[in-house]
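Structural characterization, general
The lines below spell out each chain.
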Amino acid sequence: MIHVKFFASVRERTGVGEMSLPVPDGGVTVAEVLVLAEGAAGVALQSAHLLAAVNLQHTPFSDMVRDGDEVAFFPPVTGG
């Protein structure tokens, strides 16, 4: 299983803070996890406007995710 967390506006969009998803045979990329999460939550998210972290490390959407990993999606944050 992959543990998926959503933060800030992404959490508001999905209506959930987290979910668990099965790992398809052969593994998945972070981008594919987002697609699976969109399907499970029934919403479309814009990956171009999101950041991702795997096991608390910022990562590109092309990185692979393994069974037991935690994937977090969140919007870019700016300060002022």
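The structure reproduced in this document is the subject of the present report. Counting restarts for each chain: residues are numbered from 1 in the order of the written sequence. Given that the model is predicted, a residue must reach a pLDDT of at least 70 before its local features are reported, and side-chain atom pairs must reach 80 or more before they are shown or counted; all residues, however, enter totals for whole chains, interfaces and linings. Side-chain calculation: all heavy atoms of the structure are included, whereas hydrogens and water are not.

Topic: the overall build of the protein
Only DSSP runs of H or I reaching four residues or more are called helices, and only runs of E reaching two or more are called strands; each is numbered from the N terminus. Scanning the protein from N- to C-terminus turns up 2 helices and 7 strands. Sequence-ordered secondary structure for the protein, helices as α and strands as β, is β-α-β-β-α-β-β-β-β. Here the C-alpha atoms of the protein give a radius of gyration of 12 Å, agreeing with the 12 Å that 2.2 N^0.38 yields for 80 residues. Once the C-alpha set of the protein is aligned to its principal axes, its extents read approximately 45 × 25 × 20 Å. A 1.4 Å probe rolled over the protein chains alone gives each residue an accessible area, and that area as a share of the maximum for its type sets the label: buried under 20%, exposed over 50%, partly exposed in between. Sorting the 80 residues of the protein into buried and exposed places 38% on the buried side. In the protein, the share of contacts with a sequence separation of at least 24, taken over all contacts with a separation of at least 6, comes to 52%. C-alpha atoms define the radius of gyration, and 2.2 Å times the number of residues to the power 0.38 defines the globule rule. In what follows, residue pairs with any heavy atoms lying within 4.5 Å of each other are defined as contacts.

Digging into the packing of aromatic side chains
Both the distance between ring centres and the angle between the ring planes are used here to describe each pair of aromatic rings. Stacked, tilted and edge-to-face are the three classes assigned to paired rings of Phe, Tyr and Trp, where Trp is represented by its six-membered ring and a pair needs centres within 6.5 Å; plane angles under 30 degrees give stacked, over 60 edge-to-face, the rest tilted. Evaluated as defined, the whole model comprises 2 aromatic pairs. Centroid distance Phe-61 to Phe-73: 6.0 Å. Interplanar angle 40 degrees. Geometry classified as tilted. One end of the pair, Phe-61, is in the loop between strand E5 (57-58) and strand E6 (64-65); the other, Phe-73, is in strand E7 (residues 70-74), with 12 residues separating them in the sequence. Phe-61 gets classed as buried once you look at its relative accessible area, which sits at 19%. The structure contains a cluster of three or more aromatic residues connected by ring pairs, namely Phe-6, Phe-61 and Phe-73.

Points about helix H2 (residues 30-41)
The length a helix should cover is 1.5 Å for every residue beyond the first. Look at H2: 16 Å from first C-alpha to last across 12 residues, which is about the 16 Å you get at 1.5 Å a residue. Val-30, Val-33, Leu-34, Ala-37 and Glu-38 are the residues of H2 that are buried. Viewed end-on, H2 has its buried residues packed into an arc of 140 degrees, placing them on one side of the element. Every exposed residue of H2 that faces more than 90 degrees away from the buried side is listed here: Val-35 and Gly-39. Residues of H2 that are buried sit in contact with strand E1 (2-6), strand E2 (18-21), strand E3 (28-29), strand E4 (51-54), E6 and E7. This arc is built from the directions going out from the helix axis to the C-beta atoms.

Brief notes about the pattern of salt bridges
A side-chain nitrogen of Lys or Arg and a carboxyl oxygen of Asp or Glu constitute a salt bridge if their distance falls within 4 Å. Under the defined criterion, the tally for this structure stands at 1 salt bridge. Taking the shortest distance from any N to any O, the salt bridge between Lys-5 and Glu-70 comes out at 3.5 Å. On the criterion of sequence distance, the pair formed by Lys-5 in strand E1 and Glu-70 in strand E7 is long-range, its members being 65 residues apart. We classify Lys-5 as partly exposed; its relative accessible area is 24%.

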